[in-house]
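# Analysis of the macromolecular model
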Number of protein chains: 2
Amino acid sequence: MTSTHKKKGADALPLNTILEGDCIEMMNSLPEASVDLIFADPPYNLQLKGDLHRPDNSKVDAVDDHWDQFSSFAAYDKFTKDWLAAARRILKPNGAIWVIGSYHNVFRMGAELQNQGFWILNDVVWRKSNPMPNFRGKRLTNAHETLIWASKAEGAKYTFNYEALKALNEGIQMRSDWVLPICNGGERLKDENGEKAHPTQKPESLLHRVILGTTNPGDVILDPFFGTGTTGAVAKMLGRDYIGIEREEAYRKVARKRLAAVRRFDKEALQVSTSKRAQPRVPFGQLVERGFLRPGDELYSLNKRHKAKVRADGTIVGGEVKGSIHQVGAALEGAPSCNGWTYWCIKRDGKEVPIDILRQQIRSEMNN
Amino acid sequence: MTSTHKKKGADALPLNTILEGDCIEMMNSLPEASVDLIFADPPYNLQLKGDLHRPDNSKVDAVDDHWDQFSSFAAYDKFTKDWLAAARRILKPNGAIWVIGSYHNVFRMGAELQNQGFWILNDVVWRKSNPMPNFRGKRLTNAHETLIWASKAEGAKYTFNYEALKALNEGIQMRSDWVLPICNGGERLKDENGEKAHPTQKPESLLHRVILGTTNPGDVILDPFFGTGTTGAVAKMLGRDYIGIEREEAYRKVARKRLAAVRRFDKEALQVSTSKRAQPRVPFGQLVERGFLRPGDELYSLNKRHKAKVRADGTIVGGEVKGSIHQVGAALEGAPSCNGWTYWCIKRDGKEVPIDILRQQIRSEMNN
DNA sequence: ATTTCAGATGAATCGACAC
DNA sequence: CGTGTCGATTCATCTGAAA
């Protein structure tokens, strides 16, 4: 198990490997502030009692594994507190964490996240399109699980690829409820006996959305409860580096085989939509300097209620107000702020178009 | 403020009134083990900072009321602990509680529910069909809120009208994610100035589903954060008794007026299904739940030969026949089958139009 | 009377960067 | 650290005026 490549400033990181052992110990062995994202799917502490059969008398294969057994809420809380603290230490200042759980454990995780100073950004509902029904008719169909997305601290500059997620959602802002099918069919990994390799394997679609939306290519993603390696598989596909931690050799074995077969998407496919924020800043004055606008030219407001005149230093005058395109626009509209680039227009071919098109010309030149 | 009627074994209960004061004190003044259901919509502790403007520069009317301010998580936790303990004391042994919150507070509520011995039955996601967007593009649209349904203790025989909720969902088991619009339009209560009377008024459709699904007619439902009285209004419509507790006279005033105007549905309409039904294609029950139709409303057959009455769970009664809109239509026509959506009509603007137009409205929302 | 369009609004933890 | 400036950013629905 060797690192396939190294990154500057993270020399000791065992990238793209599966660490063998207890997740708290292993996280504590890593350098602090070295990881961009943590995705954690910890034991849910289901507290199941007895067997459950379907109406056709077939037995439900419940999650009764030893790793999901805790003696009390207090024991579960101590476990949660310890692994979250270890996770927080290795997160970069602008790193973030995702956790997933059900009503059995997610409230305790969420409260502890807040207690430790994580700053919750969203809770996200994974709405299962094909959940297991409630066979006894005693409760509502448990048709969702909850994820929590949190930055390391309040005010941190977390990564959020807004435009990419918006594009995923057909041009509409991505919401906090995600409709995705559970993991089954060909995606569900089997062991040598043809049994499911892991009782709670998560769908790759879920990780795809998480990783695409909240990391950049080349980021380091750690999963302390790696299981069969869904996080690693999607990270690899998307050109991110992963670190898995898993206690059980049986799961590691399946994960290693899986990861070896995964192919990275090519670089072009990993390009995502970006916001204007990521583009270089162009001072309005450059339009004058470069002759796109001349001192004395008139600008018209989008709503046609106001006019302004361009001056040689890149400020404008509208009515009594002088200043930047933003300041004058805000003053004339009585608004707290104003984006002058989209507010002010010029006449071109008889039509009025925002001056933003001039900025776009300059930006396209800069990209060449 | 006097009780309108009394129940056996609950002599001291101030039924169908609004108690004035702090909810913890008022709950402590009630006899223990006397209430069937508690619905609680406590302050969310939003911790907002500064103003937020929409892209068009209009200001968002934020929830900045004094009652939502807490100095710390510790202060909020103490508040939560105290009111939940008071609530648990007055619950009957087989009683249950619903709480609603957002990621700001729901994890702390859920953990404390478990700590006090409540037994979580489901967490339910209210997926808003028309949420407020994220204006800055910095996070996911906060498009849902979370409810928790819990019994007083593990093993308690809580009330769950499985068949009624299944009928409301057109023959499919009700899931843990509910798509409902936020409260606006005519349902949103205004004060004397035409401003919204309460910043966080919940939709009646949400309470309809809660109360129909987890109480029986005649049950006592207490709401310790009564606000403008949505819980009381729906409880009254559905033939349950309510007790409201509200600190603010301004809210109590609006609630009193509202409750006086609410009419109880007649007894027949409150009967809910107890047997299985065929599986139609679209949930007629949602028309009732959402207020497009009211229990007791009359439907007219296309040929004007028959009439039927709507019931609270989305079934109808025509002559001797009870069942879905399709079943009743078929029976009355002596036909093997019948499309109830086009067969049954309502009077609208003096004309009779098929109920299908109401379904179309809902469908257009569901496409979101 | 009917359609169209502009405006308003909803539980929201909603910048980045230079100086 | 604070302060000032640039400038990026919204979806579904309801209301009411205008056509």
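Residues numbered from 1 in each chain as written. Chains lettered and ligands numbered in written order. Predicted model: local features only at pLDDT ≥ 70, side-chain atom pairs only at ≥ 80, totals over all residues. Heavy atoms only, no water.

## Topic: the interface of chain A and chain B
This is how it is decided: For this analysis, residues touch if any pair of their heavy atoms sits within 4.5 Å. When two components associate, each loses some accessible surface as probed by a 1.4 Å sphere; the sum of these losses over both components is called the buried area. Whenever Lys or Arg places a side-chain nitrogen within 4 Å of a carboxyl oxygen from Asp or Glu, that contact is recorded as a salt bridge. The definition of a polar contact used here is a pair of N or O atoms within 3.5 Å, where within protein one atom must be able to donate a hydrogen and the other to accept one, and adjacent residues in sequence count solely through side-chain atom pairs. Secondary structure counts use DSSP, requiring at least four H or I residues in a row for a helix and at least two E residues in a row for a strand, with both numbered from the N terminus.
Residue-level contacts link 52 residues of chain A with 50 residues of chain B. In total, about 4,600 Å² of surface goes out of reach between chain A and chain B, with carbon and sulfur atoms giving 50% of it. It is A:Phe107, A:Arg139 and A:Leu140 in chain A that bury the most area against chain B; as a group they hold 18% of the surface buried on that side. One can count four salt bridges joining chain A with chain B. Applying the counting criterion to the chain A and chain B interface returns 35 residue pairs in polar contact (both at pLDDT 80 or more). Put simply, the parts of the chain that give the side of chain A that touches chain B at least two residues each are helix 3 (106–115), strand 4 (119–128), strand 5 (144–151), helix 4 (162–168) and strand 6 (177–180) of chain A. Among the elements that line the side of chain A that touches chain B, the one with the most residues is strand 4 of chain A, at nine residues.

## Re the packing of aromatic side chains
Centre-to-centre distance and the angle between the planes together describe a pair of aromatic rings. Residue and element names in this part refer to chain A. Applicable threshold: Any pair of Phe, Tyr and Trp rings, taking the six-membered ring for Trp, is counted once the centres come within 6.5 Å. Such a pair is stacked with planes under 30 degrees apart, edge-to-face with planes over 60 apart, and tilted for the rest. Placement of a charge over a ring requires the Lys NZ or Arg CZ to be within 6 Å of the ring centre, with the centre-to-atom vector within 35 degrees of the ring normal.
Evaluated as defined, the whole model comprises 26 aromatic pairs over all chains. For the ring pair Phe70 and Phe79, a centre distance of 5.2 Å and an interplane angle of 40° mean the geometry is tilted. One aromatic cluster is present, built from ring pairs that chain together Trp98, Trp149, Tyr158, Phe160, Tyr162 and Trp178. Across the ring face of Trp126, the terminal group of Lys128 is positioned such that the distance to the ring centre comes to 5.2 Å.

## Describing the UniProt feature "domain: DNA methylase N-4/N-6" (unreviewed entry) in chain A
Short version of the rule: UniProt positions are given in the numbering used here, feature names are shortened, and annotations may be inferred rather than shown by experiment.
UniProt records the feature "domain: DNA methylase N-4/N-6" (unreviewed entry) at residues 35–256 of chain A, using the numbering of this structure. Regarding residues 35–256 of chain A, the helix share stands at 28% and the strand share at 22%, and the terminal C-alpha atoms are separated by 21 Å.

## Here we look at the nonpolar core
Heads up, the condition is: Remark: nonpolar core denotes a set of buried residues (Ala, Val, Leu, Ile, Met, Phe, Trp, Tyr, Cys) joined through side-chain atoms within 4.5 Å. Accessibility here uses a 1.4 Å probe with only protein chains present; expressed as a share of the type maximum, an area under 20% marks a residue as buried, one over 50% as exposed, and anything in between as partly exposed.
Counting residues in each nonpolar core, the largest one holds 70 residues, and the members touching the most others are A:Trp83, A:Ile97, B:Trp83 and B:Ile97. Each residue touching B:Trp83, except ones within four places of it in the same chain, is listed here: B:Cys23, B:Ile24, B:Met27, B:Ala40, B:Pro42, B:Ile97, B:Val99, B:Met109 and B:Phe225. B:Tyr44, B:Trp126, B:Leu147 and B:Ile211 belong to the second-largest nonpolar core, a separate cluster that totals 46 residues.

## Some points on the protein's contact with DNA strand D
Stated precisely, the cut-off is as follows: The cutoff for a nearby residue is simple: one of its non-hydrogen atoms must lie within 4 Å of the molecule or strand.
Neighbouring DNA strand D are 32 residues, the closest being A:Tyr162, A:Lys166, A:Gln173, A:His326 and A:Arg359. Note that a phosphate oxygen of DNA strand D is positioned 2.9 Å from one of the side-chain N or O atoms of A:His326. Between B:Pro131 and DNA strand D, the recorded distance is 3.4 Å, taken from a backbone N or O atom to a base oxygen. When residues of the surface near DNA strand D are traced back to their parent elements, those giving at least two are helix 4 and helix 10 (325–333) of chain A. No other element matches the three residues that helix 4 of chain A contributes to the surface near DNA strand D.

## Considerations on helix 7 (residues 249–261) of chain A
Going by this rule: Every helix has an expected span of 1.5 Å times one less than the residues it contains.
Helix length check: helix 7 of chain A (13 residues) gives 19 Å between terminal C-alpha atoms against 18 Å at 1.5 Å per residue, within 8%. Each element contacted by the buried residues of helix 7 of chain A is listed here: strand 1 (17–20), helix 5 (204–214), helix 6 (230–237) and strand 8 (241–246) of chain A.

## A few points about the environment of A:Lys166
All names here are of chain A. Inspection of the secondary structure puts Lys166 in helix 4. Remark: the alpha-carbon pair of Lys166 and Asn184, spanning 18 residues in sequence, is separated by 27 Å. Apart from the residues within four sequence positions on either side, Lys166 is in contact with Gly171, Ile172 and Gln173.

## Re helix 10 (residues 325–333) of chain B
Of all the residues in helix 10 of chain B, the buried ones are B:Ile325, B:His326, B:Val328, B:Gly329 and B:Ala330. Here the buried face of helix 10 of chain B lies against strand 11 (316–318), strand 12 (321–323), helix 11 (340–343) and strand 13 (344–348) of chain B.

## Focus on the protein's contact with DNA strand C
Residues and elements named next belong to chain B. Contacts to DNA strand C come from 38 residues, most closely from Arg54, Tyr103, Arg136, Lys138 and Lys196. Here, DNA strand C places atoms within 4 Å of the protein, and 45% of those atoms are sugar or phosphate. Within the contact set of DNA strand C, a base nitrogen lies 2.6 Å away from a side-chain nitrogen or oxygen of Arg54. Contacts to DNA strand C include Lys202, whose side-chain N or O atom sits 3.2 Å from a base nitrogen.

## Thoughts on the UniProt feature "domain: RAMA" (unreviewed entry) in chain A
Here the UniProt feature "domain: RAMA" (unreviewed entry) sits at residues 267–366 of chain A. Taken end to end, residues 267–366 of chain A has its terminal C-alpha atoms 22 Å apart, with 33% of it in helix and 23% in strand.

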